[in-house]
Amino acid sequence: MTLPNGFLDRLRQLVGAPNVLIADDDTAKYRHEERGLLTSICDAVVRPANTDEIAAVVKACVAAGVPIVAMGGNTGLVGGGVANGGVILSTERLNRIIEIDALNNTMTVEAGCVLADLQKAAEEANCFFPLSLGAEGSCRIGGNISTNAGGVGVLRYGNTRDLVLGLEVVLPDGRVWSRLNGLRKDNTGYDLKHLFIGAEGTLGIVTKAVLKLFPRPRAKVTLMAALRELDQVLVLFDRIRNACGDRLTAFEMIPELGIELVTRHIPDTRDPFAERHPWYVLMELTSPRSADDLRGEVEGALGEAFEAGVVVDAVFAESEAQGRALWKLREEIPGAQTREGGSIKHDVSVPVSRTTEFVRLAMQAVIDEMPGLRPCPFGHIGDGNIHFNLTQPPGMDKAAFIARWEDFNRIVHDLTKRYGGSISAEHGIGLVKRDELEHYSSALDIELMRLVKKSLDPNNIMNPGKIFVV
Ligand SMILES: Cc1cc2nc3c(=O)[nH]c(=O)nc-3n(C[C@H](O)[C@H](O)[C@H](O)COP(=O)(O)OP(=O)(O)OC[C@H]3O[C@@H](n4cnc5c(N)ncnc54)[C@H](O)[C@@H]3O)c2cc1C
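Residues numbered from 1 in each chain as written. Predicted model: local features only at pLDDT ≥ 70, side-chain atom pairs only at ≥ 80, totals over all residues. Heavy atoms only, no water.

(A) Examining the nonpolar core more closely. In terms of nonpolar packing, the biggest core is built from 47 residues, with Leu236, Phe251, Met283 and Phe358 touching the most fellow members. Elements with a contribution of two residues or more to this core: strand 12 (219-227), helix 8 (231-244), strand 13 (248-255), strand 14 (279-287), helix 10 (294-307), helix 13 (355-369), strand 19 (385-391) and helix 15 (405-418). For this core, the element with the most residues is helix 8, which contributes six residues. Of the domains in this structure, domain 2 (219-333) and domain 3 (341-427) are the two that each give at least three residues to this core. Look past the residues within four positions of Leu236 in its chain and what remains in contact with it is Ala225, Leu227, Phe251, Val281, Met283, Leu302, Ala305, Val310 and Val311. Within the second largest apolar cluster, 32 residues are counted, among which are Phe129, Cys139, Leu167 and Ile197. (Core = buried A, V, L, I, M, F, W, Y, C linked by side-chain atoms within 4.5 Å. Buried < 20%, exposed > 50% of the residue type's maximum accessible area, 1.4 Å probe, protein only. Helix = DSSP H or I, 4+ residues; strand = E, 2+ residues; numbered from the N terminus. Domains from an automatic or database assignment. Contact = heavy atoms within 4.5 Å.)

(B) Structural view of the packing of helix 8 against helix 13. With their axes 8 Å apart at the nearest point, helix 8 and helix 13 run at an angle of 165° to one another. It follows from the interaxial angle that helix 8 and helix 13 lie roughly antiparallel. By crossing handedness, the relation of helix 8 to helix 13 is classed as right-handed. Here Asp231, Val233 and Leu234 of helix 8 come into contact with helix 13, specifically with Thr355, Thr356 and Arg360. When the residues that make up the contact of helix 8 with helix 13 are grouped by side-chain class, the tally is two nonpolar, two polar and two charged. (Axes fitted to C-alpha atoms, helices over the stretch in contact; angles between N-to-C directions. Parallel < 35°, antiparallel > 145°, perpendicular 65-115°, else oblique. Left-handed = near helix turned anticlockwise from the far one by under 90°. Nonpolar A, V, L, I, M, F, W, Y, C, P; charged D, E, K, R; others polar.)

(C) Layout of the packing of aromatic side chains. What the rule picks out here adds up to eight aromatic pairs. Judged by centre distance (4.9 Å) and plane angle (70°), the ring pair of Tyr157 and Phe214 falls under edge-to-face. Note that Tyr157 is positioned in helix 6 (residues 154-157) and Phe214 in strand 11 (residues 214-215), a separation of 57 residues in sequence. Phe214 carries the same exposure label as Tyr157, and that label is buried. Taken together, a centroid distance of 6.3 Å and an interplanar angle of 45° make the contact between Phe401 and Phe408 tilted. With respect to burial, Phe401 and Phe408 carry one shared label: buried. Each member of the aromatic cluster is reached from another via a ring pair, and the members are Phe128, Tyr157 and Phe214. (Phe/Tyr/Trp six-rings, centres within 6.5 Å; stacked < 30°, edge-to-face > 60°.)

(D) Structural detail: unusual backbone geometry. Phi is positive for Asn126, close to 65°, though the residue is something other than glycine. In this fold, Asn126 is placed in the loop between helix 4 (115-124) and strand 7 (127-128). You can call Asn126 partly exposed: its relative accessible area is 43%. Of note, Glu200 is a non-glycine position whose phi angle comes to about 55°, a positive value. Note on placement: Glu200 falls in the loop between helix 7 (193-196) and strand 10 (205-212). Exposure remark for Glu200: the relative accessible area of 9% places this residue in the buried category.

As structure tokens, this is what we get:
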């Protein structure tokens, strides 16, 4: 877009010249799009250092009519950080941990803190911050909050929304809204922070947050079980949860194809079993009490599952390194799929009780549509979230496969809806799922969302065109 005269100089005055990037090489990493599906164009990347600078930049953008895309670690998977002209506002310089209150079990942080740094800081204070996902080494907490990120601990600790007690946000007119309290009880009118959590930067820029901390896990067991039948995945889940309660913190499903692709394409990975099995479950159990016999508990439940024919084999991690190796088999599935060729991805959720039935029907439906296609459904089945990914048939042209994405959307998302599910479990809507949201939402849903957007951002300055068109 054509920027008004003097606009870039104004930004330089506000944040310092080195923090206004305009050269293609300098802005490339901010225009990168994780999935490689979309092109991002921006006139400048601005890197403010604090809330006041962000507020001043927003006011300058409003005055000049320049749109703003907020950015954290740029690991989002739905194109929410893709700009179409205007300014990308990076939060990377807001990276201070302001306070850890161990007695209150809270941590007050700036939005640009990298998630892994927060986990580490919590641990150093003898506490635990449970949000955990594959991108934790680069995603930033403001991005996690703005996408309401899920990850592998949702079963026990909930989504990001459940981990946020307080928030500070620069509104689309440049005013600062601050409710940075660490209260677990606060019924003073509407709980406005929830408007901004999961809003994907369309309602304002998150600048600070108060996060919930938990007692540090002192006992941990990681194991992988092999199963013959898809339906047995839920039977096993029920047995382990009944035996171990909320000590079961992760329950991830992996299909045979997942193990095959990861061990073929990703260095330093190996199948921990002597032979291949149709389905696997990766489980983690933790407890804040080091004396808890987690292994004994889970072995007891597994032994019964084995005798009942639910499980055919299992391996336990005997060390941290072995635990990480098992997790790598799960985390690397999307990367291995990319190396294998074209992959079409869906991030859906259905009620936990219907997950395996959904997966079976969806697999059949996509294979009927394209014989030879290889479904690779995996993910957080313990909270009902399935990454229903499809790997192209061997030898098929990648572009021709990807061109069928919308057809597969219709098949998978129609079935998701029939099962009472969501077409976006944890990644958000951004640009990639905007049309799908319109297709599957009620008119009233969209009307209410537009009302919220228009009342907070009448100039449509904050991440325009994301989630829905105003
Ligand atoms: C390998 C890998 C694994 C992943 N695993 C998971 C997973 O298990 N669960 C999951 O939920 N996601 C997962 N993701 C997706 C992604 O990591 C999350 O969506 C993450 O929360 C995004 O954080 P970010 O800092 O990278 O945000 P960005 O990509 O920078 O931004 C995401 C969205 O939030 C907005 N935004 C960013 N910062 C702010 C702010 N301060 N204020 C307002 N808006 C803002 C952006 O405009 C954009 O719309 C994964 C991604 C990768 C690459």
